[in-house]
Amino acid sequence: MPLRERYSRGLHEIADGVWAWLQPDGSWGLSNAGLVVDGEASMLVDTLFDVPLTQAMLDAMRRATRAADALDVVVNTHANGDHCWGNQLCEGSRIVASRRAAQEMLRLDPKLVAKLAKVSQLGVRTGALGRRLGALLSRVGVRKLGAVLEGSDLLARAFGRFDFGSVRLTPPTETFDEHLQLRVGDTAVDLHEVGPAHTTSDVIVHVDSRGVVFTGDILFVDAHPIVWEGPVSNWIAACDRILEANATVIVPGHGPLAEASDVRRTQTYLRYLYDEAKARHAAGMSATEAARDISLQDFRDWREAERVVVNVRSIYRELSGGGPAGDEVVELFALMAAHAREHAG
Ligand SMILES: [Zn+2]
């Protein structure tokens, strides 16, 4: 069966002693993970967004192989919660991430996201009225609550299905810069830091002897990527690193198992969006207007088109001389929600 069609929730053996855990449809928070085994030794690539989801994954892995009973190493590809908020179930294992990803993990409190998810449910119940109230609150300076209400439909869609109440931030026990080679039994596994791109630091996990690369969120398949950090040029170069790995199986951070053509299409998207945004930046158009103005027809089969709002803002920030991402995440969700509503149906 072609790789892409093996897209059902659960564990898929993709090479000798290598599994991917897939979560269709790969939209907000529904991330993929992986398991590498050699003899009794095992490595988990990423935990999931909450404790019940991660527990279900670990249970399935333990049914598939005894080597997963006690995981030797857990690697977090980056700091987004959907790749590390299940870490607490792996206490006692070595937990490895890049130094900058480990720092970024401390920035967002799961309890805050749990509250956000709750308030957004209220916003959904109040519908358009809640959004108007949100816009008003934003205008009079209660920006955060206003943004939550304005973005409530998207926030509820993105976070409403998860159980953040029991997440306890569990940071890595070991960090590295640029490159680290780990061993799972006799199998070499290379961690390459290719960010900042999607976040402040993104890592790809290459198991050369088994022909597998786990890309983290450098690759979204059938969906718009989201450039929280940039620069876009790093992301394009990161895609080249994935292609150079020449893997038989590419496991994306979200979406079905990928092929080289999916990686190249992501590069095409990033180049296109960068050029289109640059022209509008030069013409004095605002980032919000530019996101509305740029045609996404060539990518109309991709989900989460609202991410173009964040992507154009990141490119604008890059064009005006960089600096770290300053927008509050909830405000970005309010902008994306407005964009999604405009383009619905
Ligand atoms: Zn993700």
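Draft legend 1. A look at the coordination of the zinc ion. All of the protein donors around the zinc ion are Asp 82 (OD), His 83 (NE2), Asp 217 (OD) and His 254 (NE2); their distances to the metal are 2.1 to 2.3 Å. For the zinc ion, the 4 donor atoms in the first shell make angles of 85 to 159 degrees at the metal, so the coordination geometry reads as irregular. Positions of the donor residues of the zinc ion, expressed as sequence spacing, correspond to D-H-x133-D-x36-H. Separated by 171 residues along the polypeptide, His 83 in the loop between β5 (73-75) and β6 (94-98) and His 254 in the loop between β12 (249-251) and α7 (260-282) bring together distant segments of the chain.

Draft legend 2. Examining unusual backbone geometry more closely. Here Gly 195 and Pro 196 are connected by a cis peptide whose omega angle stands at 10 degrees. Looking at the secondary structure, you find Pro 196 in the loop between β9 (187-193) and β10 (203-207). The phi dihedral of Asp 46 is positive, around 75 degrees, even though this residue is not glycine. Its place among the elements puts Asp 46 in the loop between β4 (41-45) and α1 (51-64). The class of Asp 46 is buried, set by a relative accessible area of 2%.

Draft legend 3. How the structure looks around the domain arrangement of the protein. Assigned domains within the protein: domain 1 (3-106 + 169-261), domain 2 (110-159) and domain 3 (269-342). With both chains or domains summed, domain 1 and domain 3 bury close to 2000 Å², and 61% of this area falls on carbon and sulfur atoms. When the buried area of domain 1 at its contact with domain 3 is split by residue, Trp 28, His 224 and Trp 228 rank highest and sum to 36% of it. On inspection of domain 1 and its partner domain 3, the count reaches 0 salt bridges. The interface formed by domain 1 and domain 3 includes 13 residue pairs in polar contact (both at pLDDT 80 or more). For the side of domain 1 that touches domain 3, the per-class residue count stands at 12 nonpolar, 4 polar and 3 charged.

Draft legend 4. Quick look at the sheet that holds β9. Reading across from one edge, β8-β9-β10-β11-β12 is the order of the 5 strands in this open sheet, with mixed pairing throughout. Where the open sheet ends on each side, the last strands, each with one partner, are β8 (179-184) and β12. Ignoring which end each strand starts from, the neighbouring axes of this sheet average 20 degrees apart. Where strand β11 (residues 212-214) and β12 come together, 3 bridges link them in parallel fashion. The partner of Val 212 across the bridge, within β12, is Val 249.

Draft legend 5. The arrangement of the pairing of strand β1 (residues 10-15) in detail. As paired strands, β1 and strand β2 (residues 18-22) are joined by 5 bridges and run antiparallel to one another. When the sheet's bridge partners are listed, Leu 11 is paired in β2 with Trp 21. Hairpin connection from β1 to β2: 2 residues lie between these consecutive antiparallel strands, with Gly 17 at a positive phi of about 75 degrees.

Draft legend 6. Spotlight on helix α9 (residues 308-319). For α9, built from 12 residues, the straight-helix expectation of 16 Å at 1.5 Å per residue is met to within 8% by its first-to-last C-alpha distance of 16 Å. Taking burial as the measure, the 12 residues of α9 include 9 buried ones, the bulk of the element. Those residues of α9 that fall on the buried side of the exposure criterion are Val 308, Val 309, Val 310, Asn 311, Val 312, Ser 314, Ile 315, Tyr 316 and Arg 317. After α9 finishes, the residue Gly 321 shows a positive phi value of roughly 100 degrees.

Draft legend 7. The environment of Met 285, seen in detail. Here Met 285 shows up in the loop between α7 and α8 (287-293). Residues Met 285 and Val 75, 210 residues apart in the sequence, show an inter-C-alpha distance of 41 Å. If near-sequence neighbours (up to four positions away) are discounted, Met 285 is found in contact with Arg 280, Ala 290, Asp 293 and Tyr 316.

Draft legend 8. The arrangement of the pattern of salt bridges in detail. Enumeration over the complete set of coordinates arrives at 14 salt bridges. Linking Asp 38 and Arg 210 is a salt bridge whose minimum nitrogen-to-oxygen distance equals 3.9 Å. With a gap of 172 residues between them, Asp 38 in strand β3 (residues 33-38) and Arg 210 in the loop between β10 and β11 connect regions that are remote in the sequence. Owing to a relative accessible area of 23%, Asp 38 belongs among the partly exposed residues under this scheme. As a salt-bridge pair, Arg 99 and Asp 177 come within 3.1 Å of each other at their nearest N and O atoms. With a gap of 78 residues between them, Arg 99 in helix α2 (residues 99-105) and Asp 177 in the loop between β7 (174-176) and β8 connect regions that are remote in the sequence. Residue Asp 177 is classed as partly exposed on the basis of its relative accessible area, which comes to 39%. Salt bridges linked by common partners bring Arg 4, Asp 222 and Asp 262 together as one network.

Cut-off values and rules
- Residues numbered from 1 in each chain as written.
- Predicted model: local features only at pLDDT ≥ 70, side-chain atom pairs only at ≥ 80, totals over all residues.
- Heavy atoms only, no water.
- Donors = N, O, S within 2.8 Å, 3.2 Å for Na, K, Ca; no water.
- Tetrahedral: all angles 85-135°; square planar, octahedral: opposite > 155°, others 65-115°.
- Helix = DSSP H or I, 4+ residues; strand = E, 2+ residues; numbered from the N terminus.
- Buried < 20%, exposed > 50% of the residue type's maximum accessible area, 1.4 Å probe, protein only.
- Domains from an automatic or database assignment.
- Buried area = accessible area lost by both parts, 1.4 Å probe.
- Salt bridge = Lys/Arg side-chain N within 4 Å of Asp/Glu carboxyl O.
- Polar contact = N/O pair within 3.5 Å; in protein donor to acceptor, adjacent residues only side chain to side chain.
- Nonpolar A, V, L, I, M, F, W, Y, C, P; charged D, E, K, R; others polar.
- Pairing = 2+ DSSP bridges.
- Axes fitted to C-alpha atoms, helices over the stretch in contact; angles between N-to-C directions.
- Expected span 1.5 Å × (residues − 1).
- Contact = heavy atoms within 4.5 Å.

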